Amino acid sequence: QKEVEQDPGPLSVPEGAIVSLNCTYSNSAFQYFMWYRQYSRKGPELLMYTYSSGNKEDGRFTAQVDKSSKYISLFIRDSQPSDSATYLCAMSAGTGNQFYFGTGTSLTVIP
Amino acid sequence: GAGVSQTPSNKVTEKGKYVELRCDPISGHTALYWYRQSLGQGPEFLIYFQGTGAADDSGLPNDRFFAVRPEGSVSTLKIQRTERGDSAVYLCASSLYHSDTQYFGPGTRLTVL
């Protein structure tokens, strides 16, 4: 079983839609959770960084962590064509530990 | 300021050859990471440096892969006797200290023919 599971999609939505992206994980020691956005032929860029359970909001983006269910989500409100990219979740148990990435979900926002 | 840079951006080589991939981290970042990303997959951890030393090299797939960071800044990933299965994008990231936000470079796309 992989450490982190993520549905690869592809996901296609109309402009303005709310997008929900999700990852599940198996290691209960994970406590740092991240979402990265990766455009084609570019390196990943950090979108959201959360510690432990709860919600974090930044503009149109909201990250949720449910440690009891080992489930994390990223919501994108009012999606824009410029949001079209691959979204990667990543997580770590903390200092001295590796970061584990999901396979990424490919998102296309149609104008 | 300048982000993480990687050279070359693309490298095509023949099976059995030796390649070196270079990473210039963000100035002042003590931690540096190498990842490998195959098509349709997320980045896979290879090795992590804290300063000049390899703090965790458990992700290196075999002894054909080696990385150095002699002065605690620039790092070089070295692959000997390349195989077709080594074809992937090799990503470098740096962070101010371990467990801090990682900033990624654009990657080097390696193709082994």
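Scroll up a little and you will see the structure.
Residues numbered from 1 in each chain as written. Chains lettered and ligands numbered in written order. Predicted model: local features only at pLDDT ≥ 70, side-chain atom pairs only at ≥ 80, totals over all residues. Heavy atoms only, no water.

(A) How the structure looks around the packing of aromatic side chains. Scanning the model with the defined rule gives 14 aromatic pairs over all chains in all. A centroid spacing of 6.2 Å and a plane angle of 75° characterise the contact between Tyr35 of chain B and Phe45 of chain B, whose relative ring orientation is edge-to-face. With Tyr35 of chain B in strand β4 (residues 31–37) and Phe45 of chain B in strand β5 (residues 44–50), this pair connects stretches of sequence that are ten residues apart. Residue classification places Phe45 of chain B among the buried positions, given a relative accessible area of 7%. Linked through ring pairs, Tyr36, Phe99 and Phe101 of chain A together with Tyr33, Tyr35, Phe45, Tyr48 and Phe104 of chain B together constitute an aromatic cluster. (Phe/Tyr/Trp six-rings, centres within 6.5 Å; stacked < 30°, edge-to-face > 60°. Helix = DSSP H or I, 4+ residues; strand = E, 2+ residues; numbered from the N terminus. Buried < 20%, exposed > 50% of the residue type's maximum accessible area, 1.4 Å probe, protein only.)

(B) Inspection of the environment of Glu20 of chain B at higher detail. Residues and elements named next belong to chain B. Among the secondary structure elements, Glu20 is positioned in strand β3 (residues 19–24). Excluding anything up to four places from it in sequence, Glu20 contacts Pro8, Thr76, Leu77 and Lys78. Within the local environment of Glu20, its side chain forms a polar contact with the side chain of Tyr18, the two groups lying 2.6 Å apart. (Contact = heavy atoms within 4.5 Å. Polar contact = N/O pair within 3.5 Å; in protein donor to acceptor, adjacent residues only side chain to side chain.)

(C) Quick look at the environment of Gln6 of chain B. Residues and elements named next belong to chain B. With respect to the element layout, Gln6 can be found in strand β1 (residues 5–7). With relative accessibility at 6%, the residue Gln6 sits in the buried group. In the structure, Gln6 is positioned 94 residues away from Asp100 in sequence and 20 Å away in space, judged by C-alpha atoms. With residues near it in sequence (within four places) discarded, Gln6 still touches Arg22, Cys23, Trp34, Tyr90, Leu91, Cys92, Gly105, Pro106, Gly107 and Thr108.

(D) Quick peek at unusual backbone geometry. Of note, the amide linkage connecting Gly9 of chain A to Pro10 of chain A takes the cis form, showing an omega dihedral of 10°. A cis amide bond, omega -10°, links Thr7 of chain B with the succeeding residue Pro8 of chain B. On the secondary structure map, Pro8 of chain B appears in the loop between β1 and β2 (10–13). Within the chain, Ser52 of chain A stands out as a residue other than glycine whose phi angle is a positive 60°. A relative accessible area of 26% means that Ser52 of chain A is categorised as partly exposed. You will see that Asp78 of chain A, though not glycine, has its phi angle at about 45°, which is positive. Tracing the backbone through its elements, the reader meets Asp78 of chain A in the loop between β8 (71–76) and β9 (85–92). Looking at Asp78 of chain A, the relative accessible area reads 41%, which means it is partly exposed.

(E) Representation of the nonpolar core within the structure. Of all hydrophobic cores here, the largest spans 25 residues; its most connected members are Trp35, Ile72, Leu74, Ile76, Tyr87 and Met91 of chain A. Going through the elements one at a time, β3 (19–25), β4 (32–38), β5 (45–51), β7 (61–66), β8, β9 and β11 (105–110) of chain A are the ones with two or more residues in this core. The contacts of Tyr87 of chain A, once residues within four sequence positions are left out, are Gln6, Leu21, Tyr36, Arg37, Leu47, Leu74, Ile76, Gly104, Thr105 and Leu107 of chain A. Core analysis: the next-biggest nonpolar cluster, separate from the first, contains 20 residues, Leu21, Trp34, Phe49 and Phe65 of chain B among them. (Core = buried A, V, L, I, M, F, W, Y, C linked by side-chain atoms within 4.5 Å.)

(F) The state of the cysteines, seen in detail. Taken as a whole and judged by the stated rule, the model has two disulfides over all chains. Paired by a disulfide, Cys23 of chain A and Cys89 of chain A hold their sulfur atoms 2.0 Å apart. Taking the sign of the S-S torsion, about -100° here, the bridge from Cys23 of chain A to Cys89 of chain A comes out left-handed. Separated by 66 residues along the polypeptide, Cys23 of chain A in strand β3 and Cys89 of chain A in strand β9 bring together distant segments of the chain. Across the pair, Cys89 of chain A and Cys23 of chain A agree in class, each one buried. Each sulfur of the disulfide joining Cys23 of chain B and Cys92 of chain B lies 1.8 Å from the other. Taking the sign of the S-S torsion, about -65° here, the bridge from Cys23 of chain B to Cys92 of chain B comes out left-handed. In this pair, Cys23 of chain B sits in strand β3 while Cys92 of chain B sits in strand β9 (residues 88–95), placing the two residues 69 residues apart along the sequence. For Cys23 of chain B, a relative accessible area of 0% corresponds to the buried category. On the basis of relative accessibility, which here comes to 0%, the residue Cys92 of chain B falls in the buried class. (Disulfide = S-S within 2.5 Å.)

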